[in-house]
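Chain and residue survey
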Amino acid sequence: EVNERMCAASFKAQFVSSLISPLVSLCTYLTIGAVAVLGCFFVIDGTIRVGSLQAFIRYIWQINDPLSQISQLSSQVQSAFAAMGRIFNLMDEEEEVQNGKVEIRPDKVRGEVTFDHVVFGYDDETLMRDVNFQAKPGKMVAIVGPTGAGKTTLMNLLLRFYDVKGGAIKIDGIDIRDMNREELRQLFSLVLQDTWLFKGSIYDNIHYGRLTARKDEVISAAKMANVHHFIKTLTGGYNFEINEESSNISQGEKQLLTIARTILADNRILILDEATSSVDTRTEQRIQTAMDRLMQGRTSFVIAHRLSTIRDADTILFMDHGNIIEQGSHEELLKKNGAYAALYYSQFE
Ligand code: ADP
């Protein structure tokens, strides 16, 4: 559907804008033709002179020039209008209402997360029918399942990018709809596959995790994230400048820096999108130990792509078509010999 709409729109845009330029030329030529014929008659009966006629025809050319330039720009003008429309749509969006009934004290939160008969769908179609699980404070929940199973959706709900359509999600027993979104999100740290660093020193990049942190806290976070020694080898150490595209350090190092930042932020609940693709085995090991340290004492949700890393998870949720079809520890699920066991053996056979 989207493709077809796009096809129709670009056809219209191309068709209209490619017609405008020849139309302008056609008008110009017709006008010149008419002026030439009429002008000849006027010259013959002596009303005007040949010079005036020639000057008049030149003026027509001079009008034609800017008009044809504008017509060549017409496709760009159209896309500019479309882009402007989008900007205005964004500006017209309503502000999120912060009308939470419960005030959150981040330092008092234990980090118990409960999904209680959650029902959800993006559109009218229901994706999650009845999702139930509990993550105890400080425990690790791994989420596995094929692409499109609803792993990201689960996290979107937890962060309240969308509200549930039935049931409730609770943190420490409080329905998250009773909290302000801003306060709720302050309880979470995310480590995602696409690392985000900004242009500036390594120190500033880590320090961004908690702006009130002291220098020694930044360094100890870097040590815990296994990245301190690497930083020391760079010219300037912690003052080493990361460039605009952060292309002057490797993917693995970027990952470790974001982990250091997350350690510094010290939030109760973590969401980790396991991201050890495209790094060498040694860096992978470093990332893994850094992640393990990061998860200690914090409730963590790990979206796992390879099963080797989640054997120790306290709970594994196996999702398919939006619902949890199996849950339990690694051993329990293997004993069950269901979908998880099949996936596990397929990866390790
Ligand atoms: P996973 O992370 O397990 O790959 P997702 O949670 O991204 O799966 O997607 C679950 C289902 O929800 C998919 O069928 C996907 O097409 C649909 N979906 C995801 N995001 C949206 C969205 N913003 N709007 C509508 N449907 C979506």
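To be clear, the structure that these remarks concern was listed above.
In this report, the structure presented in the accompanying data block is examined. (Residues numbered from 1 in each chain as written. Predicted model: local features only at pLDDT ≥ 70, side-chain atom pairs only at ≥ 80, totals over all residues. Heavy atoms only, no water.)

1. Quick look at the overall build of the protein
- When you go through the protein residue by residue, the secondary structure sums to eleven helices and twelve strands.
- For 349 residues, the compact-globule estimate of 2.2 N^0.38 gives 20 Å, and the protein exceeds it by more than 25% at 32 Å.
- With the principal axes as the frame, the protein shows a C-alpha extent of 105 × 55 × 50 Å.
- Taking the intrachain contacts of the protein between residues at least 6 apart in sequence as the baseline, contacts between residues at least 24 apart amount to 71%.
- Accessible surface computed for the protein: about 20700 Å², of which carbon and sulfur atoms make up 55%.
- Each charge class in the protein was averaged separately, 36 positive and 44 negative side chains, and the resulting centres sit 5 Å apart. (Helix = DSSP H or I, 4+ residues; strand = E, 2+ residues; numbered from the N terminus. Rg over C-alpha atoms; globule rule 2.2 N^0.38 Å. Contact = heavy atoms within 4.5 Å. Areas by Shrake-Rupley, 256 points an atom, 1.4 Å probe, with all protein chains shown as cover. Lys, Arg positive; Asp, Glu negative; His and termini not counted. Charge placed at Lys NZ, Arg CZ, Asp CG, Glu CD.)

2. Topic: the pattern of salt bridges
- Taken as a whole, this structure holds eleven salt bridges when the rule is applied.
- Where Arg177 meets Asp175, a salt bridge forms, and the shortest distance between an N and an O atom there is 3.1 Å.
- Residue Asp175 is classed as buried on the basis of its relative accessible area of 15%.
- A salt bridge links Glu217 to Arg210; the shortest N-O distance between them is 3.7 Å.
- Salt bridges sharing common partners tie together Arg105, Asp107 and Lys108. (Salt bridge = Lys/Arg side-chain N within 4 Å of Asp/Glu carboxyl O. Buried < 20%, exposed > 50% of the residue type's maximum accessible area, 1.4 Å probe, protein only.)

3. Observations regarding the sheet that holds strand 1 (residues 113–120)
- Strand order across the open sheet formed by four strands is 2-1-4-5, with antiparallel pairing between neighbours. Of all the strands in the sheet, just strand 2 (128–135) and strand 5 (174–175) have a single pairing partner and so form its edges.
- Pairing between strand 1 and strand 4 (residues 166–171): five bridges, direction antiparallel. Across the sheet, the residue bridging to Val119 is Gly166, located in strand 4.
- Sheet strands in contact with helix 3 (residues 151–158) are strand 1, strand 2 and strand 4, and its direction is about 110° off that of strand 1. (Pairing = 2+ DSSP bridges. Axes fitted to C-alpha atoms, helices over the stretch in contact; angles between N-to-C directions.)

4. Points about the packing of aromatic side chains
- Going through the model one piece at a time under the given rule, you end up with twelve aromatic pairs.
- Judged by centre distance (5.0 Å) and plane angle (90°), the ring pair of Tyr122 and Tyr162 falls under edge-to-face. Of the two residues, Tyr122 is situated in the loop between strand 1 and strand 2 and Tyr162 in the loop between helix 3 and strand 4; the sequence distance between them amounts to 40 residues.
- What makes Tyr122 partly exposed here is its relative accessible area of 38%.
- By relative accessible area, Tyr162 is classed as partly exposed at 37%. (Phe/Tyr/Trp six-rings, centres within 6.5 Å; stacked < 30°, edge-to-face > 60°.)

5. Thoughts on the site of the ligand
- Around the ligand, the neighbouring residues are Tyr122, Leu127, Pro146, Thr147, Gly148, Ala149, Gly150, Lys151, Thr152, Thr153 and Tyr162.
- Gly150 places a polar main-chain atom, nitrogen or oxygen, 3.0 Å from an oxygen atom of the ligand.
- Measuring from a nitrogen atom of the ligand, one finds a side-chain N or O atom of Tyr162 at 3.2 Å. (Near = heavy atom within 4 Å. Polar contact = N/O pair within 3.5 Å; in protein donor to acceptor, adjacent residues only side chain to side chain.)

6. With respect to a nonpolar patch on the surface
- A surface patch of nonpolar side chains, about 690 Å² in accessible area, is lined by Phe11, Phe15, Val16, Leu19, Leu23, Leu26 and Leu30.
- Looking at the secondary structure, you find Val16 in helix 1 (residues 2–44).
- The partly exposed category is assigned to Val16, whose relative accessible area is 38%. (Patch = residues over 30% accessible without salt bridge, like charges linked within 9 Å, V, L, I, M, F, W, Y side chains within 5 Å.)

7. Comments concerning helix 11 (residues 339–348)
- For helix 11, the set of buried residues is Tyr340, Ala341 and Tyr344. For helix 11, the angular spread of the buried residues around the axis is 95°, confining them to a single face.
- Buried residues along helix 11 sit in contact with strand 3 (140–144), strand 11 (315–320), strand 12 (323–328) and helix 10 (330–336). (Arc of directions from axis to C-beta.)

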